[in-house]
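Summary of the model geometry
Okay, here's what each chain looks like letter by letter:
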Amino acid sequence: MTEVEPNTDEAGPGGLASVLLEKGALSSDWLPAYKAVPRDAFVPDRLWPGTPGGNRQGEVIDRNTDPAQWWAKVYSDVPLTTQWDDGAHTGSGKGRTPTSSNSMPKMVFAMLDALSVERGDRVLEIGTGTGWNAALLTYRLGQDNVVTIEVDPAVAEEAQRRFAATGLTPLSVVGDGARGYPDGAPYDRVITTCGVSRVPYAWVEQTRTGGVIVAPWGPPYGGQAVARLTVGEGGASGPFVMSSAFMRLRDQRDRFPATDAFPGAAEGLGVRRTSPLSPDEMGDWHHMFTLGVQVPDLFCRVEWGERGAYRLWLLEMSGRSWATADYEHGRTEYEVVESGPRRLWAEAEAVMEWWREQGEPRFERYGLTVTPRGHRVWLDTPDNSVPVRVP
C-alpha cells in the first residue's frame, strides 16, 4: 500500500501501536484495522506536527527533503496539521489558523472505541480530513456501510485519491457536515472529527433510535469534551467521556470582537480591585469548561509579560463588558479590572465557587442532552442541569 520505510519498529507502525496499547487507546477490536490501514498512507508529504494537547504546531516537515523526520512524526502520537486558512495559505511557514489535520492517534482510536461499532453498522463521519479515520471504519465495516462528508472540495479530493490508492473506498461526499447526509440515513453511528458548540439536530434525526453519536463539544471559552450521545425519542443524551481539542465545524467557527473595540479596554478604564482567584486556575481544562458552560457568551485572550507574568482578559461576545486579571508567580491576590454592564471576573468567581461546592467535578461527571429546542449540560444525572448565567 505504501513504500517500506526504515526503522519501522522504533519509529513506525509497530512503535506507535505499542504507545497506543500502553495508553489504553488502541483496543484489540481496532488493532487489525490499525495494522491494515497505515497512517502514512493518509498523510501528505508536507505537514506541521503538533503537540499532544493540540494547541501548538511545529515547523513544516517535508517528506521529500527529510524523510526520516517525516516518518518519525507520522508515527508519533501527535496531531499533524495539513492545511492552513482553508487552503489560502500555501507557503512552507505557518499560516494564521490550522483548518485541516490528521488527528492525534490516541484521540482517533479512543473515539472509535467510544463509537462501539458492530458488524453491519452504518456510520456517518462528519469531517473527512485526510481520510484516515474513514478508512479505518471502512476496513472494519465495509465500504457500503461508511459515509464520510467533507466541506472543503480540495481536502475531499485528496482524501478520495488516498481511498482509491489503498482500495478502501467509503462513500465520500462534498458538502456541509452540519446537514449530515440524509440520503444515506438512518445511521447506527455518527462520529465527528471537528468540534461543535451546538450539535446539529440533523445528526440526531438521521440516527436510528438507540444509535450513538460521538462528537467533541465545547463552548467558546475553554476546553472541549467528547460527548457520547444515545439517540432516543425526542433527542439524544449521554456523558462526556474524554477531553478533546478539535478544530470547529466550519459554520460554527467563533468570531470574536477585537479587544480594542471594547469601551475603555485600550486605556484600562474600569473598576479596580483584588481577587484571590488565580488567573492560572482559568487555564485549567475543568475550570475552563465549567466557566464556558455557565457563561456561554464568554471568551478570553492572554497578554504575555516578562518572567511568566501575564494578563488574562475575559470578554463577552456583545463587545460591551470585559475584565482583566494580572498573574505573577508567588502572589495570592491578583489585580483585577472590570468594565461594562457586567462584572465578568465576579461571574468567574461565582462559577468557581459553584464548582468547589459540587466537589470539583471533572469532565466524567458532566453530560449533554440535545433536543429540538437546544442543548443542556448536566452534572451526574440528566435531571441535574448545570446553571447557565444569562445576563
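None of the values given here were measured: they were computed from a predicted structure.

The 4 strands are arranged β2-β1-β3-β4 in an open sheet whose pairing can be described as antiparallel. Here the strands that pair on one side only, and so sit at the sheet edges, are β2 (61-62) and β4 (98-102). Of the strand pairs in this sheet, strand β3 (residues 80-84) and β4 are connected by 4 bridges, and their pairing is antiparallel. Paired with Thr81 across the two strands is Ser101, which belongs to β4.

So, on to the packing of helix α8 (residues 285-294) against helix α9 (residues 344-357). Relative orientation of the contacting elements α8 and α9 amounts to 115 degrees, with a least axis distance of 10 Å. The pairing of α8 with α9 is recorded here as roughly perpendicular in orientation. Relative to α9, α8 is oriented so that their crossing is right-handed. Side by side, α8 and α9 meet where His286, His287, Thr290, Leu291 and Gln294 of the first sit next to Ala348, Val351, Met352, Trp354 and Trp355 of the second. For the contact of α8 with α9, the per-class residue count stands at 6 nonpolar, 4 polar and no charged.

Okay, the pairing of strand β8 (residues 187-192) next. Most of β8 is tucked away, with 6 of its 6 residues classed as buried. By the bridge criterion, 4 bridges tie strand β5 (residues 123-126) to β8 in an arrangement that is parallel. Within β8, the position partnered with Ile126 by the bridge is Thr192. Two elements, β8 and strand β9 (residues 207-217), share 4 bridges in a ladder whose sense is parallel. Of the residues in β9, the one forming a bridge with Arg189 is Val212.

All right, on to helix α1 (residues 13-23) then. All buried positions along α1 are accounted for by Gly15, Leu16, Ala17 and Leu20. Residues of α1 that are buried in the fold lie against α2 (31-36), α3 (67-74) and α4 (105-115). Just downstream of α1 lies Gly24, where phi reads positive at about 80 degrees.

For the structure on display, the rule yields 21 salt bridges. Between Asp152 and Arg250 there is a salt bridge; the shortest N-O distance is 3.5 Å. Here Asp152, found in the loop between β6 (146-150) and α6 (153-166), pairs with Arg250, found in the loop between β11 (235-244) and β12 (271-275); they are 98 residues apart in sequence, far enough to count as distant. We classify Asp152 as buried; its relative accessible area is 6%. When its relative accessible area of 27% is taken as the criterion, Arg250 is described as partly exposed. Residue Arg307 pairs with Glu306 through a salt bridge whose shortest N-O separation is 3.8 Å. In terms of burial, Arg307 and Glu306 fall into one category: exposed. One network of salt bridges, in which partners are shared, links Asp86, Asp152, Arg250 and Arg253.

Definitions and cut-offs
- Residues numbered from 1 in each chain as written.
- Predicted model: local features only at pLDDT ≥ 70, side-chain atom pairs only at ≥ 80, totals over all residues.
- Heavy atoms only, no water.
- Pairing = 2+ DSSP bridges.
- Helix = DSSP H or I, 4+ residues; strand = E, 2+ residues; numbered from the N terminus.
- Axes fitted to C-alpha atoms, helices over the stretch in contact; angles between N-to-C directions.
- Parallel < 35°, antiparallel > 145°, perpendicular 65-115°, else oblique.
- Left-handed = near helix turned anticlockwise from the far one by under 90°.
- Contact = heavy atoms within 4.5 Å.
- Nonpolar A, V, L, I, M, F, W, Y, C, P; charged D, E, K, R; others polar.
- Buried < 20%, exposed > 50% of the residue type's maximum accessible area, 1.4 Å probe, protein only.
- Salt bridge = Lys/Arg side-chain N within 4 Å of Asp/Glu carboxyl O.

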